[in-house]
Each structure stands twice: as C-alpha cells, then as structure tokens.
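Observations on the model geometry
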Amino acid sequence: MASLRPLSRGPFLLLLIFFVFSLSLLRPIQGNGGSDGGGGGEEFSEELLLKPLPDRKVLAHFHFRSAAPPSAANGRHHHLFPKAIAQLVQKFQIRELELSFTQGRWNYERWGGSDPISTRNAKPPGVELWALFDLPTEEIDPTWKNLTHALSGLFCASINFLESPTAYSSPYWGFLSNNGNLRYGALPREAVCTENLTPWLKILPCRDKAGIASLLYRPSIYKGYYHSQRLRLLSSESKGIILEQTLTVVLQPNSYTSSLLSSSDAQLQPSWSLSQLFKKEMTGKCVLAKSSKIFLELERGLLEKIVEIRDDSWIGKFDGQVGSSLYEYKVDNSNENKPLDVGITWKLPLVWSSVHAPFQASRFLMGSGNERGSIAISLQSTQTHDQYFGDLNDCTVPVIVLQVVPWYVKVYYHTLQISIDGKPQTLSDVIEKIQVTPSEDKLLPGTLEIMLRFPCSMLSATLSLDFDKDSYTLTNILQMSYPDYDVSDDSSLLHNLQEKYLVRSYTEVLLVPLTTPDFSMPYNVITFTCTVLALYFGSLLNVLRGGLVRREIISQKDSARPGLVPLYFLGYLPAKE
C-alpha cells in the first residue's frame, strides 16, 4: 500500500500546479483592466454618448478604445488588444488606417455638421477605406492590394474589390496631408448587414456579452435611419498601437409610449430611455474595461424648462461654449437589480436646430443628353459665420475640395469655373493650391484637389467642370475647433471632442449615365433586311411562277382540240383507256 501513495499524489499535485499557474495568468487581466504591469500596459475603455435631435430622433454614439504599448516582438501575446489587428499593423506597416461601413446618409441640415460627431463619424454610404503606410513608394500599391484582401476576410465584406488600380486613388493633401504614401478607396454600393457588425464586435474584449456593447441589439440598430460602424488605427514607435471603434446610429423612439400633443396643439418630442431604444438594460460594465461611462448631451437650458431626466444618478455636468451641456453617468454603479436606464421625458413642445457648419455642400449634374455634361459643386452659407469667425470684413474661410472620378468619365479640368454670389471669379484670386491627377483608360481614376479661400461674408459659391459621359465621394473641409470641456483625463471620447479638427462634409452620391448605343438601330436593320428579303424572294417566285403560266396559255392556243389535252394534263377529266 505504501508504494501506491506516490502514484495517488502525482495527479493531485499536477492539477494543483496547473490551477495556480492559471490563476497567475488571469490575475493581471482581472486586476485593473489589464492596465498594470502584469497586463503589459494594455488598456480598454468604453463610452456612450446620447443626444436628442431636433427632428424627433435620438443620436447614440458608441466609443471603444483599446491601446497596446510599443513592442518590437512580432506575434506577442496580447491580454486585451486584438491580436489580429496587431498583426495587421505589423505586417503591412500601417501608420494610420480608417475603415467604415455605413447604411443611410447623414442629414447635415437636421442633425448638425460642425460638431466632432458629425465631422468624424458621418461617412458616405457603403464602405470607405483609407490607409497611410510607412513604406517606400514602390511597395505601397502591392501592400494595399494585400491589405484589402486581409480586411475583406476579417470583416466579411467585398473590400477586396478595392485592389484594382481603377478603384482607389492617391490624394496628396486633399484628404490628408502625406508624401504620396496614402491610398483612398470607396464602394458606395456595398450593402451593410450583421455579417459586418459581428466580426467588428468580436474585436472587443467582452464582445457584446457585457458592458456598453451589450446594448447593441441587432434589430434596434439596423432599423435606424443612419448606421455607421468605424474602425480607426494609429500606430507609432513611441505610443504603440491605438484602436478606436465607434458606432454611430440615429434611432426613432417609440412615440406611442407618451402623449404627442399639448394644449397648444404642438407636437412634443418623444420621451425615451436606454431600455426603450435598444430593448436591453444596462446591468454593468465590462470587467476588462478601465472606465465605462455614459454621457447625455442636451442643449443648455432644456433641463430647467423642457426636459426632465429620468435617471438622476449623474455624477458630473460639463458646460460647453456652443450652448450644450454634458451629464456623466458611471456604469460601475449599475447591476441586474438596479440597471442604469438613462433617458429624458419632455414636458413642453420645443423647436430648435442643430449647430451647422459655415457652409452646406451639395453636388449635382448639369446639362442634357448623353454626350456632354457638367459636375457642379455648390456651397451655401448657413448664416452662422458669427459663431466661428467674429468680424466678417477681413475674414476668409479655407475650403479644400476633393473630387474623384472613374476613368471612363472624361473630365476637362481646364473648364473649371468658380462663381461667388453669382459673379464669375478669376481662378487665381480664389485658388491657393491645386493638384490634378488625370485618369488613364482602364488604369487610373482622375483626382482633383483644390484649396480655395472664400470671404466669410459669402452667401453662395459654385464650382463647375465639363465632362464627357460612379459614384464617388466629395470632401469639403473647413478649419474650426470644438468647445473645450473641463473633463477628467480618463475619458477618451471627450478628449476627442476637445481636439481641433477639420469639418468634413460628404456630398450626395452621383449617378452619371454613360453613353449607350441606340437600341432602335438593330430594329431598323432587322426590319430593313426582312423587307429586302421579302421583296427579293417574292419577286423571284412571281417570275418563276409567271413563266409556267405563260407556257400553259401558249400550249392551249396551239391545241386543235382545246380543252381535252390540257384537261387531261391538268387532271380535270379522267383519262380513258
């Protein structure tokens, strides 16, 4: 029996050692969100911004941030940061990258156009991808091709269609200032569905099982008026890799849960809450998150007069400089017994408008017929210059226009015309800088980059270009800054709102009808040919049959007994033996 004791203790000691070793591996992750030394300095935070919109809708902006410290070892083990993204950065030498999947179009007139949410997260329909590489120029195009294939498999999309040289462009400073190492492409007709959202959520440490991401109920997200999921990468030797994932949705609250009309017969804004918008409750944070917060943004003065906040457990209030206030909630205080249900109840009807950009950009086609036409870009003043520029007498606004056209649309760049308030302008007086990349047949799309400077007192401006008979995006950028909020250092969302930024506006997608053959010509050819054939064969048959009849008539006249022989011949009378 004594000889059996070592054998019985062996498995027990082995299991005990394995259990202790497993706890040592899990302890850095469970300690402080992986932010301590045991977790390798990796961090993760989750935040949500809620904002009522003037047209009875609600804006929900989800913001997730993951950070990994610098590391020279390839294929390192990550506790929080997604390994697939780290390998992507290391293999393709990516300095910056942004990928967006968008369904719907952002309404700049009703939802705003100058705040960071609309500027950075309002994207064109379909897929947009741009990347800034840290590679020699001759290696960028092959790397871009491989990158599109990798992203296509990672996010279950048709991003690989951007591998063709005719599908992407190389703007120098119209989109982002670079040294020729930036590539930009867009797929306006790409459909966005849950197959794209699911791999996007798998990158998160807690996925959609816990924390703020647990609110992402698929039917609630995809029935909204606007939906845009975005992935932004920043890589440097000093800061490491920073991954930002944002999801911006515009939802319509259920207005039947509250009264719609007041005594003055004016329509009330619908009351709403988190549980009503997303059909789920906020019952706690992601245990791997360093911070988990929810912000409610309201126009200044609404709380005292119009709006009543349903959940008054907010811990901080921040006042901005554009007439809005932020209320901060911590998700740590919520649980299954006491969920956090942020929302507002409207007490009186109210009509207000969002903050607009100084100019509203639009694009349209001019001309008639299928041969010649013009692309026109219109800038209309929103009469809000005083909020940004002050004195309008000696003030100018810099505007950068980026226009990408496919190779089969022949644009005549020398026909560029610019008018301000209906008056034609000399190009040298308005244009500060211009870059033209002509298109090449079946090889390269055309790119136009223009830096303009307009007076602040301008009411309207129009740019036009002639072309010979797509759907690509146009970018108009204005320089301004967002109000500075006095916020804590652990909110990456509010720090993004404080940074100076360029106002980026995407215009409508244009469908340029290409020159097509006249399909009435084949019909005319067929009818003409059939007519000629009918006349030819008809005349030929008449000639052949007419000769036989004449011979019969001649034989009847020469016969001595007319009627018998011909009748026998023709078979009218029976022959007698």
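Residues numbered from 1 in each chain as written. Predicted model: local features only at pLDDT ≥ 70, side-chain atom pairs only at ≥ 80, totals over all residues. Heavy atoms only, no water.

Under an unreviewed UniProt entry, the name given to the protein chain is GPI transamidase component PIG-T, and the source organism is Ananas comosus.

**A short note on the state of the cysteines**
In total, this model carries two disulfides according to the counting rule given. The residue that forms a disulfide with C206 is C286, at a sulfur-sulfur distance of 1.9 Å. Given an S-S torsion of about 70 degrees, the disulfide between C206 and C286 has right-handed geometry. Highlighted residues: C206 in the loop between α6 (194-202) and α7 (218-222) and C286 in the loop between α8 (274-278) and β10 (291-299), separated in sequence by 80 residues. In this model, C395 is linked to C456 through a disulfide, with the two sulfur atoms separated by 2.0 Å. Measuring the twist about the S-S bond at about -45 degrees, one finds the C395-C456 disulfide to be left-handed. With C395 in the loop between α10 (385-389) and β17 (396-405) and C456 in the loop between β21 (446-455) and β22 (460-468), the pair connects residues that are 61 residues apart, well separated along the chain. With a relative accessible area of 12%, C395 lands in the buried category. Summary of cysteine pairing: C193 is not part of a disulfide, and the nearest cysteine sulfur, belonging to C156, is at 7.0 Å. (Disulfide = S-S within 2.5 Å. Helix = DSSP H or I, 4+ residues; strand = E, 2+ residues; numbered from the N terminus. Buried < 20%, exposed > 50% of the residue type's maximum accessible area, 1.4 Å probe, protein only.)

**As for the packing of helix α2 (residues 83-92) against helix α5 (residues 137-155)**
The geometry of a pair of packed helices is captured by two quantities: the angle between their axes and the separation between those axes. With their axes 11 Å apart at the nearest point, α2 and α5 run at an angle of 170 degrees to one another. Here α2 is positioned roughly antiparallel relative to α5, judged by the angle of their axes. Residues A84, I85, L88 and F92 of α2 form the contact with α5, whose own contacting residues are T143, N146, L147, A150, L151 and L154. By residue class, the composition of the contact of α2 with α5 is eight nonpolar, two polar and no charged. (Axes fitted to C-alpha atoms, helices over the stretch in contact; angles between N-to-C directions. Parallel < 35°, antiparallel > 145°, perpendicular 65-115°, else oblique. Contact = heavy atoms within 4.5 Å. Nonpolar A, V, L, I, M, F, W, Y, C, P; charged D, E, K, R; others polar.)

**Considerations on the side chain of Q245**
Tracing the chain through its elements places Q245 in strand β8 (residues 240-251). Among residues more than four places away in sequence, those in contact with Q245 are F62, H63, F64, W200, I203, L204 and R230.

**Overview of α6**
Of all the positions in α6, only N196, L197, P199, W200 and L201 are classed as buried. Here the buried face of α6 lies against β2 (58-68), β3 (94-103), α5, α7, β7 (226-236) and β8.

**A closer look at the pattern of salt bridges**
A complete count under the given rule lists 15 salt bridges for this structure. One salt bridge in this structure joins R232 and E98, with 3.7 Å as the shortest N-O distance. With R232 in strand β7 and E98 in strand β3, this residue pair connects regions lying 134 residues apart in the sequence. Taking the relative accessible area as the measure of exposure, R232 reaches 19% and is therefore buried. Taking the relative accessible area as the measure of exposure, E98 reaches 4% and is therefore buried. Close ionic contact of D141 with R183 constitutes a salt bridge, the shortest N to O distance being 2.9 Å. Taken together, the positions of D141 in helix α5 and R183 in strand β6 (residues 182-187) put the pair 42 residues apart, joining distant regions of the chain. What makes D141 partly exposed here is its relative accessible area of 36%. Look at R183 and you get buried, because its relative accessible area is 4%. Among the charged side chains, a network of salt bridges with common partners joins E96, E98, K123, E128, R230 and R232. (Salt bridge = Lys/Arg side-chain N within 4 Å of Asp/Glu carboxyl O.)

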